[in-house]
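Observations on chain architecture
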Amino acid sequence: ELIVLSADLAFDTGLIDFENNFPERFVECGIAEQDMVSQAGGMALWGGLPVVHSFSCFLTPRANEQIYNNATEGNKIIYVCHFAGMIPAGPGKSHQSVRDISLFSALPNVTIFQPCNSNEVRDALRYFVAEEEGVCVLRMNIGPSPQIIEHPLDYKFKKGVGSILADGNDACIIAYGPVMLNEALNARKILLEYNINIRLVNMPWLNFADSDFFQKQLLKNNRNYILEDHMVVGGLFDKINAEIVKQELSLDIASIGLIDYPKCGNPIEILEYSNLNSANIAKIISNDLGKNIDDHKDDAGKDYSFSPQ
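This write-up is about the structure you can find in this document. What you are looking at is a predicted structure, and each value in this text was computed from that prediction instead of being measured.

Rules behind the numbers
Residues numbered from 1 in each chain as written. Predicted model: local features only at pLDDT ≥ 70, side-chain atom pairs only at ≥ 80, totals over all residues. Heavy atoms only, no water. Salt bridge = Lys/Arg side-chain N within 4 Å of Asp/Glu carboxyl O. Helix = DSSP H or I, 4+ residues; strand = E, 2+ residues; numbered from the N terminus. Buried < 20%, exposed > 50% of the residue type's maximum accessible area, 1.4 Å probe, protein only. Pairing = 2+ DSSP bridges. Core = buried A, V, L, I, M, F, W, Y, C linked by side-chain atoms within 4.5 Å. Contact = heavy atoms within 4.5 Å. Axes fitted to C-alpha atoms, helices over the stretch in contact; angles between N-to-C directions. 1 Å grid on protein atoms, 1.4 Å probe; cavity = no way out; pocket = protein on both sides within 12 Å on 5 of 7 lines; lining within 4 Å. Points joined across faces, edges and corners; volume = space filled by probe spheres on them.

Let's shift gears to the pattern of salt bridges. The final tally for this structure, using the stated rule, is seven salt bridges. In this structure, Arg139 engages Asp100 in a salt bridge whose closest nitrogen and oxygen atoms are separated by 2.5 Å. Of this pair, Arg139 sits in strand S6 (residues 135-139) while Asp100 is found in helix H5 (residues 100-105), placing the two residues 39 residues apart along the sequence. One exposure class covers both Arg139 and Asp100, and it is buried.

A few words now on the pairing of strand S3 (residues 49-55). Counted residue by residue, S3 has seven buried out of seven residues, so it is predominantly covered. The pairing of strand S1 (residues 2-6) with S3 spans five bridges and is classified as parallel. Paired with Leu5 across the bridge in S3 is Val52. Pairing between S3 and strand S4 (residues 77-82): five bridges, direction parallel. Bridge assignment links His53 to a residue of S4, and that residue is Val80.

Counting 59 residues, the largest nonpolar core has Val52, Tyr79, Phe104, Ile174 and Ile240 as the members making the most contacts within it. Each residue touching Ile240, except ones within four places of it in the same chain, is listed here: Ile174, Phe214, Leu218, Ile226 and Ile253. Core analysis: the next-biggest nonpolar cluster, separate from the first, contains 41 residues, Leu165, Ile198, Ala254 and Ile281 among them.

By the element assignment, Gly90 lies in the loop between S4 and H5. Sequence separation between Gly90 and Phe237 is 147 residues; the distance between their C-alpha atoms is 27 Å. The contacts of Gly90, once residues within four sequence positions are left out, are Cys264 and Gly265.

What follows covers the environment of Val121. Topologically, Val121 is positioned in helix H6 (residues 118-130). With 111 residues separating them in the primary sequence, Val121 and Ala10 have C-alpha atoms 18 Å apart. Ignoring sequence-local partners within four residues, the contact set of Val121 consists of Pro115, Leu138 and Met140.

The next point concerns the sheet that holds S1. The six strands are arranged S2-S1-S3-S4-S6-S5 in an open sheet whose pairing can be described as parallel. The sheet is open, and its two edges are formed by strand S2 (26-28) and strand S5 (110-113), each paired on a single side. Each strand axis lies, on average, 20° off the axis of its neighbour in the sheet, ignoring direction. Relative to S6, S4 runs parallel, the two being bridged by five bridges. Considered in S6, the bridge of Ile78 is made with Cys136. Where helix H2 (residues 33-46) meets the sheet, its contacts fall on S1, S2, S3 and S4, and the angle it forms with S3 comes to roughly 165°. Its contacts with the sheet put H6 on S1, S3, S4, S5 and S6, and the angle it makes with S6 is roughly 170°.

Attention now goes to empty space enclosed by the protein. Under the counting rule described, the total for this entry stands at two cavities of 30 Å³ or more. The calculated volume of the second largest cavity comes to roughly 30 Å³. Lining of the second largest cavity is provided by Ala209, Phe214, Ile240, Glu243, Ile244 and Leu249.

Let's shift gears to unusual backbone geometry. Residue Pro88 follows Ile87 across a cis peptide bond; omega there is 10°. Mapped onto the elements of the fold, Pro88 is located in the loop between S4 and H5. Here the phi dihedral of Asn109 falls at roughly 60°; this positive angle occurs in a residue that is not glycine. Position of Asn109 among the secondary structure elements: in the loop between H5 and S5. On the basis of relative accessible area, Asn109 is assigned to the exposed category, the value being 55%. Here Asn275, not a glycine, exhibits a phi torsion of approximately 60°, which is positive. Since its relative accessible area comes to 37%, Asn275 is described here as partly exposed.

The structure is reproduced here in structure tokens:
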């Protein structure tokens, strides 16, 4: 019953192998995202399981009305939103998807997951197909990341639960996706040079938080930073903040994310301009902690690949 739909981006979204091997279950819809999502709704009502692919910047806002209508029908559809976030920034703001989390989060019965590596892509897709109900969203960064994000050996895939990538007690960074986690890992290395030890949490569930996980992993006596590859409004920070208020927890959290419209440029320029490169993240946190650090040259962005391979 699984059917894959594409909006003229089969090569860019890695669907060529599926198209060649299962042509009877692959539908090329052309550059018509709204029609593609409407077709997926009909397939879901018929009993199929549609998996809808496109760039996030096209799929999420253009077909928002159709996504909403499908959700009201109770249809299970998996939306795969590629190239989400600020990068690639070369094509400009029309191709930078930085409000998709908020658009999907406004709907009930939606689960949004952003993998940090290929293992999480596999686990999330299998979970969406076999277990989750309602609207499923797989939010994908451009890849590969400058470094492979490694899970701890005891990591288990569970809804609402992230993983601890590094431990520390001076502050905590919660991030998602290979781009932001790469910058967070590099920022942690910089801060360690000044004896500032940061806990780093990978949180791939962008609109669902397991309360026990956060009560145990967020630092109660120091500041917690939510690192967003998204507008500050409507992202993971809002979700975690709402959970903290709901549970009446005493936690200090702050957001590091986009507060203005994204700009056009290469990855180095855009991450630096938005204060989301490792050097600026380290500087923001050190200033908050009352410690000054030297300026660091940050050129990690040069390694971000624009190839769909």
